[in-house]
Amino acid sequence: QGQYVAVGYDILTSHNGYDWALVDHGIDYHRTLNRVRWTGNQYLAVGEKGATLISSDGMVWKKLPTVTRNNLYDILIHEQGIMATGHSGLVLLVN
């Protein structure tokens, strides 16, 4: 994809890993994001209370419907699809 994306309370992007810019994503979610991953055609970010965001370019983000109130911690890409893992062993198929 040619850029780095970092998440936490904010979303940051960088083209060189040294200079970072805050993304004005325009989403009012007030939740910390724990993980972001390039899935092959889009970025997927997951976090507190089921927060799930997607972006094709790392700059414009869309909030997906929340299907759990559990915290999500990681993203796995598997032959059966994209999965988010969370609190208490929760595994969600994100496709």
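S.K.: It is not clear to me how the packing of aromatic side chains should be interpreted in this structure. Could you clarify?
M.R.: The way to describe two aromatic rings as a pair is by their centre distance and the angle between their planes. Taken as a whole, this structure holds 3 aromatic pairs when the rule is applied. Consider the rings of Trp38 and Tyr43, whose centres lie 4.8 Å apart with planes at 65°: the pair is edge-to-face. For Trp38, a relative accessible area of 28% translates into the label partly exposed. Under the relative-accessibility criterion, Tyr43 is labelled buried at 4%. Seen from their ring centres, Tyr43 and Trp61 are 6.4 Å apart, and the 40° between their planes marks the pair as tilted. Residue Tyr43 is found in strand 5 (residues 43-47), and its partner Trp61 is found in the loop between strand 6 (52-55) and strand 7 (62-63); the two are separated by 18 residues along the sequence. On the basis of relative accessible area, Trp61 is assigned to the buried category, the value being 6%. Every member of this aromatic cluster is reached through a ring pair, and the members are Trp38, Tyr43 and Trp61.

S.K.: Please explain the nonpolar core as it appears in this structure.
M.R.: Generally speaking, a soluble globular protein has its nonpolar side chains buried in company with each other. Val5, Ile11, Val23, Ile27, Leu33, Val36, Tyr43, Ala45, Ala51, Leu53 and Trp61 form the largest nonpolar core, which has 11 residues in total. Counting residues per element, the ones that place at least two in this core are strand 4 (33-38) and strand 5. Excluding residues that lie within four positions of it along the chain, Val23 makes contacts with Ile11, Leu12, Thr13, Gly58, Met59 and Trp61. Counting residues in hydrophobic clusters, the runner-up holds 9 residues, among them Leu44, Ile54, Leu72 and Ile82.

S.K.: Would you mind showing me how to read the sheet that holds strand 4 here?
M.R.: Hydrogen bonds along the backbone pair up the strands of a sheet, which may run parallel or antiparallel. With antiparallel pairing, 4 strands are arranged side by side in an open sheet as 4-5-6-7. On the outer flanks of this sheet lie strand 4 and strand 7, each paired with one strand and no other. Relative to strand 6, strand 5 is paired through 4 bridges, and the arrangement is antiparallel. Bridge pairing in strand 6 links Tyr43 to Ser55.

Basis of the calculations
Residues numbered from 1 in each chain as written. Predicted model: local features only at pLDDT ≥ 70, side-chain atom pairs only at ≥ 80, totals over all residues. Heavy atoms only, no water. Phe/Tyr/Trp six-rings, centres within 6.5 Å; stacked < 30°, edge-to-face > 60°. Buried < 20%, exposed > 50% of the residue type's maximum accessible area, 1.4 Å probe, protein only. Helix = DSSP H or I, 4+ residues; strand = E, 2+ residues; numbered from the N terminus. Core = buried A, V, L, I, M, F, W, Y, C linked by side-chain atoms within 4.5 Å. Contact = heavy atoms within 4.5 Å. Pairing = 2+ DSSP bridges.

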